[in-house]
Amino acid sequence: MAQTTQHELQLARRMSRLGTETAFEVLNRAKALEKQGKSVIHLEIGEPDFDTPGNVIDAGVDALHKGWTHYGPSAGLPELRQTIADYVARTRNVKVSSEEVVVVPGGKPIIFFTILALIDEGDEVIYPNPGFPIYESMVRYVGGKAVPIHLSEGRDFSVDVDELSTLITDRTRLIILNSPHNPTGGMMSRRDVEQIAQAIGDRNIMVLSDEIYSRLVFEGEHFSIMSVPGMQERTILLDGFSKTYAMTGWRMGYGVMRADLAAHVSRLMTNSNSCTASFTQMAGIEALRGDQASVDRMRDEFKKRRDVVVDRLNKIKGFSCRKPHGAFYVFPNIKATGWKSKPLADALLEQAGVAALSGTAFGDFGEGYLRFSVANSLENLEEAMNRVDAWTKKNL
Ligand SMILES: Cc1ncc(COP(=O)(O)O)c(C=O)c1O
């Protein structure tokens, strides 16, 4: 029941520009249906269904016992910053020092802080659409102009460099890239990335490169724009632990950026969170330095599930689905069903007991698509596909 209040809530105007992440809303609706006794298969939330690897849990528990329960430096524990610097230097083939690393509670705060630190009112930010909804939300929140770049199925959901060139103006301050990509699973090839760098040329435009799925690659190789000569000082690389090590609830990610910007982002940390939890960071050191077999195992399992789900989707009336090369989502085209994305996602949740996201949860160019996460057991994924299939046979 709505609470009665004596005083009207007077929100700051900027709050009307703040968006959200629909996945959490769909999760709540799915939970409400389950409470009424309905069976729902959860394919809406983007988090690995695996447990955090045992060695990482042990390191976290050990750190708690050893007193890593206090504040630490805003930018992160020096040992973790160095470990991340070494890891990024190795995987992106660049030189990185620990002053260029800021550890934050999840990958998301790097999006928030980068945009807060770099974007003034009226500044333009080019971002992928469909894309992770927080990009557009944050740009609009700070009063920037969100300029979508359409990722189309015809181009396997990678950036069209010619289109990008036409979108760059004198007001462009930031370009956001995300590969492997949420929600489509699309990947940018090395050639794509090099051409994007060429399109940027020597303009003073920063790039936020969201590489949170960099270790979840099934075919091809992940290539960062940070690796392109001349681009490192204009790149903020976002990566983290949530997806790679199944650590979504530990809240830890990081940004790698030029040291002067890192100092400002650290100041935003001091003003907001003080620091990332110290024992979480100790577990992060173990995650990066320890045995990586569990990362490979998870990736192989996601690949197996992707193959099964894509195969099944392509046999369902009105659905067609390309094979994503990374991340753990599939993004079927549902235009031939004759349904719009949102009503179809709602119907599948309410009538078939399958929680998926409408493509429009990722921007206007997501119309005509649904996103299913494959971060669920093969058994549940098969059952979800049976349910969608049965629903389409009955309703289309
Ligand atoms: C593209 C992308 N970037 C960033 C994030 C944020 O990750 P974290 O949970 O570490 O904040 C997500 C999570 O879904 C994501 O899909």
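Residues numbered from 1 in each chain as written. Predicted model: local features only at pLDDT ≥ 70, side-chain atom pairs only at ≥ 80, totals over all residues. Heavy atoms only, no water.

Quick look at the sheet that holds strand 9 (residues 329-330)
- Strand order in the open sheet made by the 3 strands is 9-12-11, with antiparallel pairing throughout. The open sheet has two edge strands with one neighbour each: strand 9 and strand 11 (357-358). (Pairing = 2+ DSSP bridges. Helix = DSSP H or I, 4+ residues; strand = E, 2+ residues; numbered from the N terminus.)

Notes on the site of the ligand
- Taken together, 13 residues are adjacent to the ligand, and Gly107, Asp210, Tyr213, Ser242 and Lys243 come closest.
- Here an oxygen atom of the ligand and a side-chain polar atom of Asn182 are 2.8 Å apart.
- Contacts to the ligand include Ser242, whose side-chain N or O atom sits 2.6 Å from an oxygen atom.
- When the free accessible area of the ligand is taken as 400 Å², the share hidden by the protein chains comes to 94%.
- Per-class residue counts for the shell around the ligand are 4 nonpolar, 5 polar and 4 charged. (Near = heavy atom within 4 Å. Polar contact = N/O pair within 3.5 Å; in protein donor to acceptor, adjacent residues only side chain to side chain. Areas by Shrake-Rupley, 256 points an atom, 1.4 Å probe, with all protein chains shown as cover. Nonpolar A, V, L, I, M, F, W, Y, C, P; charged D, E, K, R; others polar.)

Regarding the packing of helix 2 (residues 54-65) against helix 9 (residues 278-289)
- Closest axis-to-axis distance for the helix 2/helix 9 pair is 8 Å, and the angle between their directions is 145°. Classified by chirality, the crossing of helix 9 by helix 2 is right-handed. Residue-level contacts link Asn55, Val56, Ala59, Gly60, Ala63 and Leu64 of helix 2 to Phe279, Met282, Ala283, Glu286 and Ala287 of helix 9. (Axes fitted to C-alpha atoms, helices over the stretch in contact; angles between N-to-C directions. Left-handed = near helix turned anticlockwise from the far one by under 90°. Contact = heavy atoms within 4.5 Å.)

Focus: the nonpolar core
- By size, the foremost hydrophobic cluster in this structure holds 65 residues, and its most contacted members are Ile115, Leu174, Leu313, Phe319 and Phe372.
- Sequence-distant contacts of Phe372, that is, excluding residues within four places in its chain, are made with Leu43, Leu313, Phe319, Phe328, Tyr329, Val330, Pro332, Leu348, Val354, Ala356 and Val388. (Core = buried A, V, L, I, M, F, W, Y, C linked by side-chain atoms within 4.5 Å. Buried < 20%, exposed > 50% of the residue type's maximum accessible area, 1.4 Å probe, protein only.)

Quick look at the pattern of salt bridges
- Across all of its chains, the model carries 26 salt bridges by this definition.
- Residues Asp156 and Arg322 are paired through a salt bridge, measuring 2.2 Å at the closest nitrogen-oxygen approach. Highlighted residues: Asp156 in the loop between strand 4 (145-150) and helix 6 (161-167) and Arg322 in the loop between helix 10 (293-313) and strand 9, separated in sequence by 166 residues.
- Its salt-bridge partner being Arg258, residue Asp260 comes within 2.8 Å of it at the nearest N-O pair. (Salt bridge = Lys/Arg side-chain N within 4 Å of Asp/Glu carboxyl O.)

Re the side chain of Glu100
- Along the polypeptide, Glu100 turns up in the loop between helix 3 (78-92) and strand 2 (101-104).
- In this structure the side chain of Glu100 is engaged in a polar contact, spanning 2.6 Å, whose partner is the backbone nitrogen of Ser97.
- Setting aside residues no more than four positions away along its own chain, Glu100 makes contact with Lys95, Gln232, Gly255, Val256, Met257, Arg258, Ala259 and Ala262.

A word on helix 8 (residues 259-272)
- Compared with an ideal rise of 1.5 Å per residue, which puts 14 residues at 20 Å, helix 8 spans 20 Å between its outermost C-alpha atoms and is within 8% of the ideal.
- The set of residues buried in helix 8 consists of Leu261, Ala262, Val265, Ser266 and Met269. Down the axis of helix 8, the sector holding all buried residues measures 145°, keeping them to one side. Across from the buried face of helix 8, at angles greater than 90 degrees, the exposed residues are Arg267 and Asn271.
- Ser274 sits one or two positions beyond helix 8 and adopts a positive phi of about 70°. (Expected span 1.5 Å × (residues − 1). Arc of directions from axis to C-beta.)

Let's talk about the sheet that holds strand 3 (residues 124-129)
- Within the open sheet, the 7 strands sit side by side as 2-8-7-6-5-3-4. Their pairing is mixed. The open sheet terminates on both sides in strands that have one partner only, identified here as strand 2 and strand 4. Each strand of the sheet is rotated relative to its neighbour by a mean of 20°, with strand direction disregarded.
- The sheet contact formed by strand 5 (residues 172-178) and strand 6 (residues 206-210) spans 5 bridges and is parallel. Its bridge partner being in strand 6, Ile176 is matched across the sheet by Leu208.
- Across the face of the sheet, helix 5 (residues 133-141) comes into contact with strand 3, strand 4, strand 5 and strand 6 while running at roughly 160° to strand 3.

A few points about helix 9
- Here helix 9 spans 17 Å end to end across 12 residues, near enough to the 16 Å set by a 1.5 Å rise per residue.
- Taken across its 12 residues, helix 9 has 9 buried, putting it largely inside the fold.
- Among all positions in helix 9, only Ser278, Thr280, Gln281, Met282, Ala283, Gly284, Ile285, Ala287 and Leu288 are buried.
- Where helix 9 is buried, its residues touch helix 2, helix 3 and strand 2.

Some remarks on the packing of aromatic side chains
- Within this structure, the stated rule accounts for 13 aromatic pairs.
- An angle of 90° between the planes, with centres 5.6 Å apart, marks the rings of Tyr213 and Phe328 as edge-to-face. Within this pair, whereas Tyr213 is found in the loop between strand 6 and strand 7 (235-240), its partner Phe328 is found in the loop between helix 10 and strand 9, the two being separated by 115 residues in sequence. No difference in accessibility class separates Tyr213 from Phe328, as the two residues are buried.
- A ring pair is formed by Phe241 and Tyr245, whose centres lie 6.0 Å apart and whose planes are at 35°; its orientation type is tilted.
- Taking the relative accessible area as the measure of exposure, Tyr245 reaches 2% and is therefore buried.
- Taken together, the ring pairs connect Phe50, Tyr213, Phe302, Phe328 and Tyr329 into an aromatic cluster. (Phe/Tyr/Trp six-rings, centres within 6.5 Å; stacked < 30°, edge-to-face > 60°.)

Description of unusual backbone geometry
- Look at the link from Asn129 to Pro130: it is a cis peptide, with omega at 5°.
- One can find Pro130 in the loop between strand 3 and helix 5.
- With an omega of -10°, the peptide bond running from Ser179 to Pro180 counts as cis.
- Position of Pro180 relative to the elements: it lies in the loop between strand 5 and helix 7 (190-200).
- Residue Asp156 is not a glycine yet carries a positive backbone phi of 60°.
- For Ala327, which is not glycine, the phi dihedral falls at a positive 60°.

That's the geometry; what it means functionally is another story.
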